[in-house]
Amino acid sequence: MKYAFVFPGQGSQSVGMLADLNQTYSIVKDTFDEASEILGYDLWKLAQEGPKEQLNQTEKTQPALLASGVAVWRIWQKQVDAKTLSSVAVMAGHSFGEYTALVCASALDFKDAVSLAQDRGRFMQAAVSEGEGAMAAILALKDEQIIEICASVAKNENQVVSPVNFNAPGQVVIAGHRAAVESAITQAKAAGAKKAVLLQVSVPAHSSLMLPAAERMAERLASVNITTPKIPVIHNVDVSVKTNPADIKTALIRQLHNPVRWVETIEKMVDDGVTLLFESGPGKVLTALNKRIARRTMKALPIIDTKTLDQALLEIA
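Residues numbered from 1 in each chain as written. Predicted model: local features only at pLDDT ≥ 70, side-chain atom pairs only at ≥ 80, totals over all residues. Heavy atoms only, no water.

A. Region of interest: the overall build of the chain. Tallying secondary structure elements over the chain gives 15 helices and nine strands in all. By the compact-globule yardstick of 20 Å for 317 residues, the chain fits well, its C-alpha radius of gyration being 19 Å. In terms of principal-axis extent, the alpha carbons of the chain reach across some 60 × 45 × 40 Å. A buried classification covers 54% of the 317 residues belonging to the chain. For the chain, the proportion of contacts with a sequence separation of at least 24, taken over those separated by at least 6, is 74%. (Helix = DSSP H or I, 4+ residues; strand = E, 2+ residues; numbered from the N terminus. Rg over C-alpha atoms; globule rule 2.2 N^0.38 Å. Buried < 20%, exposed > 50% of the residue type's maximum accessible area, 1.4 Å probe, protein only. Contact = heavy atoms within 4.5 Å.)

Laid out in structure tokens, this is it:
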């Protein structure tokens, strides 16, 4: 049986995440403590006590997501035998989760990734002035309709707005200048969208407004050591597996200002014979998306506490 591990991006974080797992597995807090040494503040305390507003700041959210995903993967490595571990056919991460995937695939050192996560968040926040950018979720329209709406608004208003997350059939996130995003919401509703709402984020991730952040990230990645992954990682930007470290860095840079092609990522896993998917905490966002993408061909389970960990282990027993 071939199975995959996937790692969530921003939006999956919550105050108290992985608290249950930490009661049984000390490696959870150990992983957060390792990150805290790099960051200069107590990441575990922030993840457990908040405040929520601080945890939701991009430069703090991304290290927290990284530590969570890596902690769950480290637990998994200790709970399964070598043969079972070798059955992990592929990994992928949604948006920032791609960094977590590269760490767990042994292509990127955890400590380097923690520092990169913090800087990536800072670069993203600095790229667009507060209140200038926005993101919105559009439900129950075809991808082509949303692409056309965004193109029309962008042309007429001379502002940026584009689809940035193709999360599931009928579920797309758009991003860009706030006024353009709001106009696209109005047009999407008129076109029959079941739901079209602003998201509680100010950074228009994966839009062309992130080009300044991508440029700074390119400089930052130039000095970071990345090696060939021991487990294949599917990249968001072009739905491909890369083995050359230079190509991996390029994919990470391009990822900042290009759409997350998640539907195609999951479809590629299915085509490659993967039948079981584990979402490596926190949250269940990717598990829920999988029900809309590949419910009949690939089972998905989150690993966020001891109960879900035990369920996951039973699946590969």
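B. Structural detail: helix α12 (residues 245-255). Turning to α12, its buried residues number three or more, namely I248, K249, A251, L252, I253 and Q255. Its side-chain oxygen placed 2.8 Å from the backbone nitrogen of A246, N244 serves as the N-cap of α12. (Polar contact = N/O pair within 3.5 Å; in protein donor to acceptor, adjacent residues only side chain to side chain.)

C. Just the side chain of Q62, in detail. Residue position: Q62 is located in helix α5 (residues 58-79). Here R120 takes part through its side chain, which lies 3.4 Å from a polar atom of the side chain of Q62. For Q62, the contacting residues outside a window of four places in its chain are Q10, F96, A117, R120, G121 and M124.

D. A look at the sheet that holds strand β4 (residues 161-168). Across the sheet, four strands lie side by side as β4-β5-β3-β6; this open sheet has antiparallel pairing. Each edge of the open sheet carries a strand with a single partner, namely β4 and β6 (195-198). Averaged over all neighbouring strand pairs, the angle between strand axes comes to 20°, with direction disregarded. Relative to strand β5 (residues 171-177), β4 runs antiparallel, the two sharing six bridges. Counterpart to A168 in the pairing with β5 is Q171. Along the sheet, helix α9 (residues 143-157) makes contact with β3 (133-139), β4 and β5, crossing β4 at roughly 165°. (Pairing = 2+ DSSP bridges. Axes fitted to C-alpha atoms, helices over the stretch in contact; angles between N-to-C directions.)

E. Region of interest: the environment of T186. You can see T186 is positioned in helix α10 (residues 178-190). When the C-alpha atoms of T186 and K52 are compared, they prove to be 30 Å apart, with 134 residues separating the residues in sequence.

F. Looking closely at the nonpolar core. If you look at the biggest cluster of nonpolar residues, it comprises 75 residues, and the most contacted ones within it are F5, V28, F32, W76, M91, L108 and F278. Counting residues per element, this core draws most heavily on α5, which supplies 10 residues. Sequence-distant contacts of F32, that is, excluding residues within four places in its chain, are made with M17, L18, L43, W44, A47, A64, A67 and S68. A4, V90, V239 and A300 belong to the second largest nonpolar core, which has 20 residues in total. (Core = buried A, V, L, I, M, F, W, Y, C linked by side-chain atoms within 4.5 Å.)

G. Local environment of the pairing of β3. Among the seven residues of β3, six are classified as buried, and the element is accordingly described as predominantly covered. Here β3 pairs with β5 via seven bridges, running antiparallel. Note on β5: the bridge partner recorded for L139 is Q171. Bridging between β3 and β6 involves four bridges; their strand directions are antiparallel. Along β6, the bridge assignment pairs A137 with V197.

H. Molecular detail of the packing of α5 against helix α7 (residues 97-104). It is at 9 Å that the axes of α5 and α7 come closest, and there the two elements cross at 35°. The two elements α5 and α7 cross, and the hand of that crossing is right-handed. Taking contact as the criterion, the partners of L65, L66, G69, V70 and W73 in α5 are, on α7, Y99, T100, V103 and C104. Here the contact of α5 with α7 is built from residues that sort into seven nonpolar, two polar and no charged. (Left-handed = near helix turned anticlockwise from the far one by under 90°. Nonpolar A, V, L, I, M, F, W, Y, C, P; charged D, E, K, R; others polar.)

I. Examining a nonpolar patch on the surface more closely. A surface patch of nonpolar side chains, amounting to about 170 Å² of accessible area, comprises V197, L199 and V201. By the secondary structure assignment, V201 is in the loop between β6 and α11 (211-221). For V201, a relative accessible area of 32% puts it in the partly exposed group. (Patch = residues over 30% accessible without salt bridge, like charges linked within 9 Å, V, L, I, M, F, W, Y side chains within 5 Å. Areas by Shrake-Rupley, 256 points an atom, 1.4 Å probe, with all protein chains shown as cover. Salt bridge = Lys/Arg side-chain N within 4 Å of Asp/Glu carboxyl O.)

J. Highlighting the layout of surface pockets. Looking at the largest pocket, its volume works out to about 1200 Å³. What lines the largest pocket is a set of 43 residues, among which Q10, G11, L199, Q200 and V201 lie closest to the centre. (1 Å grid on protein atoms, 1.4 Å probe; cavity = no way out; pocket = protein on both sides within 12 Å on 5 of 7 lines; lining within 4 Å. Points joined across faces, edges and corners; volume = space filled by probe spheres on them.)

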